Protein chains: 2
Amino acid sequence: MKFFEVHETRAVIELIEQHYQPLTRVAKVSLYEAFDRVLAEEIRATENVPGFDRSTVDGYAVRAQDTFGASDSLPAFLDIAGTIEMGQAAGPISRGQAKYIPTGGMMPNGADAVVMIEHVEEIGSLLNVFKQAAPNENVIKKGEDLHDGHLIFRRGHRLQAVDLGVLAAAGVFQIPVFAKPIVGILSTGDEIVPPETDSLQPGQIRDINAVTVGAALQSMGCEVIYGGIVRDDYQEYLRRAQGLFAQVDMLVMSGGSSVGTRDYTVKVMETLGKPGILVHGISIKPGKPTILAKAGGKPVIGLPGHPVSAMVIFDLFVRRIVNRLYDRTSHPFDPRIRARLSRNLPSAVGRSDYIRVRLEERDGEMWAVPIFGKSGLISTLAESHGIVEIPAPKEGLLQGEWVAVNSFVRERGIVSEEEDLSGGHAAQGSTEEAPGCC
Amino acid sequence: MKFFEVHETRAVIELIEQHYQPLTRVAKVSLYEAFDRVLAEEIRATENVPGFDRSTVDGYAVRAQDTFGASDSLPAFLDIAGTIEMGQAAGPISRGQAKYIPTGGMMPNGADAVVMIEHVEEIGSLLNVFKQAAPNENVIKKGEDLHDGHLIFRRGHRLQAVDLGVLAAAGVFQIPVFAKPIVGILSTGDEIVPPETDSLQPGQIRDINAVTVGAALQSMGCEVIYGGIVRDDYQEYLRRAQGLFAQVDMLVMSGGSSVGTRDYTVKVMETLGKPGILVHGISIKPGKPTILAKAGGKPVIGLPGHPVSAMVIFDLFVRRIVNRLYDRTSHPFDPRIRARLSRNLPSAVGRSDYIRVRLEERDGEMWAVPIFGKSGLISTLAESHGIVEIPAPKEGLLQGEWVAVNSFVRERGIVSEEEDLSGGHAAQGSTEEAPGCC
């Protein structure tokens, strides 16, 4: 077996950008199916918006020059030549004429401004105008909002709710999006049993990673194929991994924690295709025994078996790989939350540490309270809001220091100290977790 | 018709909390269907996690007292009594014995600590232990992570990916969640045509709000029933509104912009049930002509017709109403992004102004660049990242001031000035939009 060096976080991110390529499968979907999908082509308007000159107020459509000089003391006098109906083409007006126009109504030919209803007085068919209008006042011109050919969104943009409205306005209904990446999940380990197992035998634990990783992948728009659990048998492992690999765009293997399973995972990943393993071990904690490979162009990921480690690795690296598959150009805002650290956090120089924290608001300021627990208790996932990085070159972080909390939950109530749900893991223990565990 | 006073933003929020009640329909879903659903009951663990004492390292399970005093120079000598297999019950050990145990393996009866493999030497069946172990060292005790009965999540919690893993670990597979709110959308106005209309006639515009509001509601977990478009005919409007109202938990009416349609909307809302209209007009811009009603316990919302105004109102008020229907206790973090304002923004005292902004990073600092455009051009939705509030008591905000940007898109690329997609609406015009328009 080759010797693999342990990589630093930044180096791993560079390898991801360098090795994994976007999927090119494109699907056409309707407006109603396009929410949260990623554009496979740039989108340009195919018509002018609005398609006609349009009033932005209730009032009278006029020729602006007919109102020049009009004031409260010296109104302009115009002839009322009719009413414009919503959704109808408007007949023209001539010099000295005005037509009533509702908000959104189509401007008649000959008119170039709208006088608001507040600034006129109707006397029979005569209109007194008490305020002069400038050309184009209270009018949106044809194509002013979006002109035919206007670049609206770039390839790689992920469509939000408001964006679908813009597409509808622009007359774009069949939308080219990237096909959803298909991701297979295969769990390994003799101690692992399906998550929905009712009653555990001594020594067994449920397959947590299939559940958390599966849901996180689906929330990113992936289709997930659950490959089940493989026992510690190399031939069976290889056969099942190859079968699943053939059906997917990316394969995630969640490793058992025993040495035997970890060795098998490496061998299986090497067998799936070239160039094989890119990263074997990352100098971070938790999450060190992570493996990244590429086989026949597809990413193959070996996640640590421990659920807490697996979620940290998912957030740091797997999200990035999925975004690569989508060729995303619109990355989310930096989703990190700024908070002050509630206590000193020591760390080893040369290793990035990721510490789970709970957020608490104290006197209007956000504080990050580290959550410990030996070997990353699963219950800490239920109470943490996110993770704080102690970068590799640092010896630690100081109490009161501002940190950026990378939140892996989109929402979670901020619990005050009195109603703590944790059972008290916070601020117990130390940052040192058992080295073999995660 | 009654006289309605225009409400301030804070007063409207209070009315929402006071008048709209959570739905009580509960559904049981599986782990794989529970992502992003809201818990209808509190959840407690139904078993101990782990279900057995468990090693957190690869090493030897021992009685801690047999290792007391052991050191590099004076090792303790133990008998190797076998190997513990993953996922299997472990036989007991006696005084002076040790068993090999993999990470995650079940501790044998009699053992209370694990010595890491790095600190032992195997000589045949003899084990030299070079470091003493404290009781419980490298062991997670049965129930230490989650004990049977442990409160995991409260009613109203929205389930994230990691949470599903915690539920699986705790043996909770059938999950009581609130049924999805069913929301009807009815659009009105003679000028409005279905969004997918290929070719517009003069004076027509597409139904943008059904698309944006529908997608935003679905992203919050609602089921949406599209009720189509009603012409400006009171009897037809009433009949269609009543028909849709009977099928839904909440009705959203998107008003046409003409005065006639707006009057009809008020009358229809009054007819649907008691107590009827709660809010008619809000002192904000854009979004003033918003109507909130309650009929037979159900929220009924009259949104402004203009798409930009409708999205602002959706974000400020409709989101809150949907969350009320879910009885959410876990609110998202404050999702606002802190940024500095790129220019002065004047405002009228006594009215809350909501200004769309684009975010730009300049020298590592985030800046909010106001986007204007008369009467809220739809294209401004495609380029804005969110909105900034100028609170009612303020005369405006100053250039360079720090503001909180309420982001109504979950993600959007931060565009540098060179590759501006906007066509140049930013920093044009003034904050004053035509008063009749939105």
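Just so you know, the residues in each chain are numbered from 1, in the order the chain's sequence is written. Just so you know, chain letters begin at A and ligand numbers begin at 1, following the order they were written in. A pLDDT threshold of at least 70 governs which residues receive local features in this predicted model, and a stricter bar of 80 or more applies before side-chain atom pairs are shown or counted, although totals over entire chains, interfaces and linings include all residues.

Caption draft 1: The arrangement of the overall build of chain A in detail. Across its full length, chain A carries 7 helices and 28 strands. The contact rule is simple: place each C-beta atom from the backbone, and if two of them lie within 7 Å, those residues are in contact. For chain A, restricting intrachain contacts to residue pairs at least 6 apart in sequence, the fraction spanning at least 24 positions comes to 73%. A helix here means a DSSP run of H or I that spans at least four residues, while a strand means a run of E at least two residues long, and both kinds are numbered starting from the N terminus.

Caption draft 2: Quick look at the environment of W402 of chain B. Residue and element names in this part refer to chain B. Within the element layout of this structure, W402 appears in strand β28 (residues 402-406). For the pair W402 and L341, spaced 61 residues apart in sequence, the C-alpha to C-alpha distance is 6.3 Å. Excluding its chain neighbours within four sequence positions, the residues that come into contact with W402 are R338 and R340.

Caption draft 3: Examining the sheet that holds strand β16 (residues 223-230) of chain A more closely. All names here are of chain A. Taken in spatial order, the 6 strands line up as β16-β13-β17-β21-β20-β18 in an open sheet, and their pairing is mixed. Edge strands, defined here as strands with exactly one partner in the open sheet, are β16 and β18 (275-280). Taking the axes of each pair of neighbouring strands and ignoring which way they run, one obtains an average angle of 15° across the sheet. Alignment of strand β17 (residues 250-254) against strand β21 (residues 298-303), held across 4 bridges, turns out to be parallel. Looking across to β21, one finds that V252 is bridged to I301. A pair of strands is treated as paired once DSSP finds two or more bridges between them. Lines fitted to C-alpha atoms define the axes, with helix axes restricted to the stretch in contact, and inter-axis angles between N-to-C directions lie between 0 and 180 degrees.

Caption draft 4: Summary view of the domain arrangement of chain A. Taken domain by domain, chain A holds domain 1 (9-24 + 181-326), domain 2 (26-49 + 147-178), domain 3 (54-140) and domain 4 (337-419). Between the C-alpha centres of domain 3 of chain A and domain 4 of chain A there is a distance of 62 Å. Segment limits for the domains were obtained from an automatic or database-derived domain assignment.

Caption draft 5: Structural view of the sheet that holds strand β8 (residues 120-123) of chain B. Residues and elements named next belong to chain B. On the basis of which strands lie adjacent, the open sheet formed by 6 strands has the order β7-β4-β6-β5-β9-β8 and mixed pairing. Of all strands in the sheet, those with a lone pairing partner are β7 (113-116) and β8, marking the two edges. The mean inter-strand angle of the sheet, taken between neighbouring strand axes irrespective of direction, is 40°. Pairing analysis gives 3 bridges linking strand β5 (residues 76-83) to strand β6 (residues 97-101), with the strands arranged parallel. Looking at β6, one finds that D79 is bridged to Q97.

Caption draft 6: Structural context of the environment of K288 of chain B. Residues and elements named next belong to chain B. Relative to the assigned elements, K288 resides in the loop between β19 (284-285) and β20 (291-295). For the exposure call, what matters is how many other C-beta atoms sit within 10 Å of a residue's own: 20 or more marks it buried, 12 or fewer exposed, and in between partly exposed, using C-beta atoms placed from the backbone. On the basis of neighbour counts, which here come to 18 C-beta atoms within 10 Å, the residue K288 falls in the partly exposed class. Counting along the chain gives 71 residues from K288 to L217, while the straight-line C-alpha distance between them is 21 Å. When sequence neighbours within four positions are dropped, the list of residues in contact with K288 reads G281 and I282.

Caption draft 7: Spotlight on helix α3 (residues 208-219) of chain B. Residues and elements named next belong to chain B. Helix span is expected to be 1.5 Å times the residue number reduced by one. Taking 1.5 Å of rise per residue, 12 residues should cover 16 Å, and α3 covers 17 Å from first to last C-alpha, within 8% of that figure. Counting buried positions along α3 yields 10 of 12 residues, so the element is predominantly enclosed. All buried positions along α3 are accounted for by I208, N209, A210, V211, T212, V213, G214, A215, A216 and L217. Downstream of α3 by a residue or two, G221 has a phi angle that is positive, lying close to 90°.

Caption draft 8: View of the packing of helix α3 (residues 208-219) of chain A against helix α2 (residues 161-169) of chain B. Direction vectors running N to C along α3 of chain A and α2 of chain B enclose 155°, while the axes themselves pass 8 Å from each other. Put simply, α3 of chain A runs roughly antiparallel to α2 of chain B. Crossing handedness for the pair α3 of chain A and α2 of chain B: right-handed. Between α3 of chain A and α2 of chain B, the contacting residues are I208, V211, T212, A215, A216 and S219 of chain A on the first element and A161, V162, L164, G165, A168 and A169 of chain B on the second. For the contact of α3 of chain A with α2 of chain B, the class distribution of residues is 9 nonpolar, 3 polar and no charged. Roughly parallel covers angles under 35 degrees, roughly antiparallel covers those over 145, roughly perpendicular covers 65 to 115, and oblique covers all other angles. Here is the rule for handedness: rotate from the far helix to the near one, and if that takes an anticlockwise turn smaller than a right angle the crossing is left-handed, while a clockwise turn gives right-handed. Only Asp, Glu, Lys and Arg are considered charged in this grouping, and only Ala, Val, Leu, Ile, Met, Phe, Trp, Tyr, Cys and Pro are considered nonpolar; every other residue, Gly among them, is considered polar.

Caption draft 9: Highlighting helix α6 (residues 307-326) of chain A. At F314 of chain A, α6 of chain A shows its strongest bend, of approximately 50°. Across the 20 residues of α6 of chain A, 17 count as buried, placing the element largely inside the fold. Bend is computed residue by residue as the angle between axes fitted to the seven residues ending at the residue and the seven residues starting at it.

Caption draft 10: Fine view of unusual backbone geometry. A cis geometry characterises the amide bond from V49 of chain A onward to P50 of chain A, with omega recorded as -10°. Positionally, P50 of chain A belongs in the loop between β2 (43-44) and β3 (54-55). A positive phi angle, close to 75°, is found at N136 of chain B, a residue other than glycine. Positionally, N136 of chain B belongs in the loop between β9 (126-129) and β10 (139-140). Residue classification places N136 of chain B among the partly exposed residues on the basis of 15 C-beta atoms within 10 Å.

Caption draft 11: The arrangement of the confidence of the model for chain A in detail. In the predicted model, chain A carries a mean pLDDT of 87, and the fraction of residues at 70 or more is 88%. Across the interfaces of the predicted complex, the ipTM metric reaches 0.83, alongside a pTM of 0.84. Residue-level confidence of the predictor is summarised by pLDDT, bounded by 0 at the bottom and 100 at the top.

Caption draft 12: Spatial organisation of the packing of α3 of chain B against helix α6 (residues 307-326) of chain B. All names here are of chain B. Between α3 and α6, the least distance of the axes is 10 Å, while the angle of their chain directions is 20°. As the angle between them shows, α3 and α6 are arranged roughly parallel. The crossing of α3 and α6 is right-handed. Contact with α3, carried on its side by I208, N209, T212, V213 and A216, involves P307, A310, M311 and F314 of α6 and no other residues of that element. Here the residues of the contact of α3 with α6 are counted per class, giving 7 nonpolar, 2 polar and no charged.

Caption draft 13: Spotlight on the pairing of strand β21 (residues 298-303) of chain B. Residues and elements named next belong to chain B. For β21, a buried count of 6 out of 6 residues is recorded, marking the element as mostly surrounded by other parts of the structure. Here β21 shows a buried face lined by K298, V300 and G302 and a second buried face lined by P299, I301 and L303. Looking at chain direction, β20 and β21 are connected through 5 bridges and run antiparallel. Residue pairing in the sheet places A295 in a bridge with K298 of β21. Linkage of β20 to β21, two consecutive antiparallel strands, is achieved through a turn of 2 residues, within which G296 is found at a positive phi near 55°.

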